[in-house]
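The residues making up each chain are set out below.
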Amino acid sequence: MPGLLRGVARTAVVAGTATAVSNRVSRRQGQRWSAQEQPQPAAPQPVAAPPSGGSVGTDRITALKELAQLKAQGVLTEAEFEAEKARILAS
């Protein structure tokens, strides 16, 4: 009978250890998953192309005004200004 008790005790220790390890692994994995579920800062959305229709003319005017401001500030040369103006008007 002592051999039987020793075997049962050993099985209980092994099973208890396995359960404790399994619970710890599950708890740690749950913490990792909950950390991943935290909202991440949103990445900036790409700017959509202007819709075709009535607003295209106002978009061109706005782009031309911005282009003129860049030229007035000295950011663009005359040649760059003319090239960009032609591109905006062609679109």
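Before going further, it helps to spend a moment on the overall build of the protein. Secondary structure summary: the protein contains three helices and zero strands in total. Secondary structure elements of the protein occur, N-terminal to C-terminal, as α-α-α. Burial status across the protein gives 4% buried among its 91 residues. Element-wise, carbon and sulfur atoms account for 62% of the exposed surface of the protein, whose accessible area totals about 7,800 Å².

Glancing now at a positive patch on the surface. A cluster of basic residues, Arg24, Arg27, Arg28 and Arg32, forms a positive patch at the surface. Note that Arg27 resides in helix H1 (residues 2–36). A relative accessible area of 51% means that Arg27 is categorised as exposed.

In this section: the pattern of salt bridges. In the structure shown here, the tally under the stated rule is three salt bridges. Arg87 serves as the salt-bridge partner of Glu84, at 2.9 Å between the closest nitrogen and oxygen. Here Glu84 and its partner Arg87 are both found in helix H3 (residues 78–90), three residues apart, which amounts to about one turn of the helix. What makes Glu84 partly exposed here is its relative accessible area of 30%. Accessibility expressed as a relative area gives 52% for Arg87, which makes it exposed.

Looking at the protein as a whole, its pLDDT mean stands at 77, while 78% of the residues score no less than 70. Mean pLDDT per element in the protein: H1 is the minimum at 80, and H3 is the maximum at 89.

Looking at where Leu67 falls in the secondary structure, it is placed in helix H2 (residues 55–73). By relative accessible area, which is 7% here, Leu67 ends up buried. A C-alpha to C-alpha distance of 9.6 Å links Leu67 and Glu82, two positions 15 residues apart in sequence. Those residues in contact with Leu67, other than ones at most four positions away along the chain, are Leu76, Phe81, Glu84, Lys85 and Ile88.

The next subject is the packing of aromatic side chains. For the structure on display, the rule yields zero aromatic pairs. Residue placement shows Lys71 over the ring face of Phe81; its charged tip is 4.8 Å from the ring centre.

What counts as what
- Residues numbered from 1 in each chain as written.
- Predicted model: local features only at pLDDT ≥ 70, side-chain atom pairs only at ≥ 80, totals over all residues.
- Heavy atoms only, no water.
- Helix = DSSP H or I, 4+ residues; strand = E, 2+ residues; numbered from the N terminus.
- Buried < 20%, exposed > 50% of the residue type's maximum accessible area, 1.4 Å probe, protein only.
- Areas by Shrake-Rupley, 256 points an atom, 1.4 Å probe, with all protein chains shown as cover.
- Patch = residues over 30% accessible without salt bridge, like charges linked within 9 Å, V, L, I, M, F, W, Y side chains within 5 Å.
- Salt bridge = Lys/Arg side-chain N within 4 Å of Asp/Glu carboxyl O.
- Lys, Arg positive; Asp, Glu negative; His and termini not counted.
- Charge placed at Lys NZ, Arg CZ, Asp CG, Glu CD.
- pLDDT = per-residue confidence, 0-100.
- Contact = heavy atoms within 4.5 Å.
- Phe/Tyr/Trp six-rings, centres within 6.5 Å; stacked < 30°, edge-to-face > 60°.
- Lys NZ or Arg CZ within 6 Å of the ring centre and 35° of its normal.

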